[in-house]
Amino acid sequence: MEEVMTPDPVTVSVDTHATMVRSIFREEGFRTILVVSENRLEGAITRGDMMNISSTKSNIDARGIMQKPRVIATPDMDLLQLAREIMKADTVYAPVVESADSMQLVGIITVADILRKFLYNGLETDTQTLQGLISPNVVTCNYNDLISHVWKRMDEYGFSGLPVMKKNKIIGIITRMDIIKSGNARMGFESDSHERGGSVMVEKVMKTPPVVATPLTPTREAGEIILEYDIGRIPVVENPVYVKREPRRAKEADLVGIVSREDILWSYIR
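Since the structure is predicted, the reported quantities are computational estimates derived from the model, not experimental observations.

### Focus on helix 8 (residues 219–229)
Okay, so step 1: Within helix 8 the residues assigned to the buried category are T219, A222, G223, I225, I226 and L227.
Okay, so step 2: Tucked into the core, helix 8 has its buried residues touching helix 5 (111–119), strand 10 (233–243), strand 11 (246–260) and helix 9 (261–269).
Okay, so step 3: Among the residues trailing helix 8, D230 stands out with phi positive, at a value near 50°.

The structure is reproduced here in structure tokens:
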């Protein structure tokens, strides 16, 4: 466990202003920031939590945004057991504390950390290709949708990223971090002004061309791609028109499904 976790993670104190927390997310690209009081774990803030703040000069502090982590680990936990607990709790991280009594923070472990360990430790998946892992009913958005509407869709379905479509073809991906970095994530707690800044269209914020896979892509290769590009999911496509200089990216393709980092991790621990 200790060799897999990230020791001394970036933290904020309970009274850190929300604007400062947002700056850390925007500049560092973290998925989760832990909240402490004198290095005692108090809570955690995710990208999704940050998207619920409306104004740039918020009086909310970290205490008002943070959530209780769904899973808390200790250094002596078995990695396979922890992976199952994280997956069953439908979360992507676990803070690591010295003990349940002290709650002194010593690290953080993520789905990506565990996947990397399993991937490069010779473990076999229970599915050789993505064919058996594909989720076919994909929640998408259009290139000309408003950011505010996309954020609501992410919030409603609990997804951190959505494929972007144009004329029934996938042309890009938009994630919570893309919205946070764009400065259009101020929609939530404090006022009814959540449409402000949300009038920007998806095409101004999305990443394109997207990294894609096909149903016959080996599961291990898809896991390596997800780790290499630090992405949470990979669209599964047919008839891709690849970018010549970047053969994993497609200018457009027919979307047939999606496979998440968690789907691939499940294939190792089932």
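### Brief notes about the environment of T140
Okay, so step 1: Within the element layout of this structure, T140 appears in the loop between helix 5 and strand 7 (141–142).
Okay, so step 2: Owing to a relative accessible area of 25%, T140 belongs among the partly exposed residues under this scheme.
Okay, so step 3: Sequence separation between T140 and I170 is 30 residues, and the spatial gap between their C-alpha atoms is 9.1 Å.
Okay, so step 4: Setting aside anything within four residues of it in sequence, one finds T140 in contact with R153, L162, P163, M165 and L255.

### With respect to the sheet that holds strand 6 (residues 105–110)
Okay, so step 1: Ordered in space as 1-6-5, the 3 strands form an open sheet in which the pairing is antiparallel. The sheet is open, and its two edges are formed by strand 1 (6–7) and strand 5 (93–97), each paired on a single side.
Okay, so step 2: Judged from the 5 bridges that link them, strand 5 and strand 6 form a sheet pairing that is antiparallel. Residue V96 lies in a different strand from strand 6, and its bridge partner there is G107.

### A closer look at the packing of aromatic side chains
Two aromatic rings are characterised by how far apart their centres lie and by the angle between their planes.
Okay, so step 1: Inspection of the entire model under this criterion finds 2 aromatic pairs.
Okay, so step 2: Here the aromatic rings of F118 and Y268 are separated by 6.3 Å at their centres, their planes lie at 45°, and the arrangement is tilted. Here the residue F118 occupies a position in helix 5, and Y268 occupies one in helix 9, the gap between them amounting to 150 residues. Here the two residues F118 and Y268 agree in accessibility, since each one is buried.
Okay, so step 3: Sitting over the ring of Y143, K166 keeps its end group 4.8 Å from the ring centre.

### Examining the pairing of strand 3 (residues 32–37)
Okay, so step 1: Counting buried residues along strand 3, 5 of its 6 residues qualify, which places the element largely inside the surrounding structure.
Okay, so step 2: Across 3 bridges, strand 2 (residues 11–13) lies against strand 3 in parallel orientation. Residue pairing across strands places V12 opposite V35, the latter belonging to strand 3.
Okay, so step 3: A crossover links strand 2 with its parallel partner strand 3, the connecting element being helix 1 (residues 18–28), and its sense is right-handed.
Okay, so step 4: Sheet topology places strand 3 next to strand 4 (residues 40–46); 6 bridges connect them, and they run antiparallel. In the strand pairing of strand 4, V35 is matched with G43.
Okay, so step 5: Connecting strand 3 to the antiparallel partner strand 4 that follows it, the hairpin turn spans 2 residues, and E38 within it adopts a positive phi of roughly 55°.

### Quick notes on the confidence of the model for the protein
Okay, so step 1: When pLDDT is averaged across the protein, the result is 90; 92% of the residues are at 70 or more.
Okay, so step 2: Throughout residues 187–195 the model reports pLDDT below 50, and contacts reaching past four residues in sequence, or to other chains, amount to 30 contacts.

### Digging into the nonpolar core
Okay, so step 1: Core analysis: the largest hydrophobic core is formed by 36 residues, its most contacted members being L82, I86, I109, I114, F118, V259 and I264.
Okay, so step 2: Mapped onto this core, the elements with two or more residues apiece are helix 4 (79–88), strand 5, helix 5, helix 8, strand 10 and helix 9.
Okay, so step 3: In terms of residues, this core owes the most to one element, helix 5, which gives 6 residues.
Okay, so step 4: Each residue touching I86, except ones within four places of it in the same chain, is listed here: V71, T91, V92, Y93, A94, V111 and I114.

### Some words on the sheet that holds strand 3
Okay, so step 1: Pairing is mixed in the open sheet, where 3 strands are placed in the order 2-3-4. With one partner strand each, in any of the chains shown, strand 2 and strand 4 form the two edges of the open sheet. Sheet twist, expressed as the mean angle between neighbouring strand axes with direction ignored, is 35°.
Okay, so step 2: This element, helix 1, spans strand 2, strand 3 and strand 4 of the sheet and lies at about 140° to strand 3.

Thresholds, definitions, all that
- Numbers given for residues are sequential positions, taken from 1 along each chain in its written order.
- Per-residue local features of the predicted model are confined to residues with pLDDT of at least 70, and side-chain atom pairs are confined, for both listing and counting, to 80 or more; whole-chain, interface and lining totals are unaffected and use all residues.
- With hydrogens and water excluded, all non-hydrogen atoms of the structure serve as input to the side-chain values.
- To sort residues, take the accessible area from a 1.4 Å probe on protein chains only and compare it with the maximum for the residue type: under 20% means buried, over 50% means exposed, and anything in between is partly exposed.
- Secondary structure counts use DSSP, requiring at least four H or I residues in a row for a helix and at least two E residues in a row for a strand, with both numbered from the N terminus.
- Residues are treated as being in contact if the distance between any of their heavy atoms lies within 4.5 Å.
- Pairing between two strands is assigned when DSSP locates at least 2 bridges connecting them.
- Here a Phe, Tyr or Trp ring, Trp counted by its six-membered ring, pairs with any other such ring whose centre lies within 6.5 Å, and the pair is stacked when the planes are under 30 degrees apart, edge-to-face when over 60, and tilted otherwise.
- Charges are assigned to positions over rings by a cutoff of 6 Å between ring centre and Lys NZ or Arg CZ, combined with an angular limit of 35 degrees from the ring normal.
- Note on handedness: a clockwise path from strand one over the helix to strand two, with the strands aimed away from the viewer, defines a right-handed crossover.
- pLDDT measures how confident the predictor is about each residue, on a scale from 0 to 100.
- Only buried Ala, Val, Leu, Ile, Met, Phe, Trp, Tyr and Cys residues count toward a nonpolar core, and they belong to the same one when joined by side-chain atoms within 4.5 Å.
- Here an axis means a line fitted to C-alpha atoms, over the contact stretch when the element is a helix, while the angle between two N-to-C directions is reported on a 0 to 180 degree scale.

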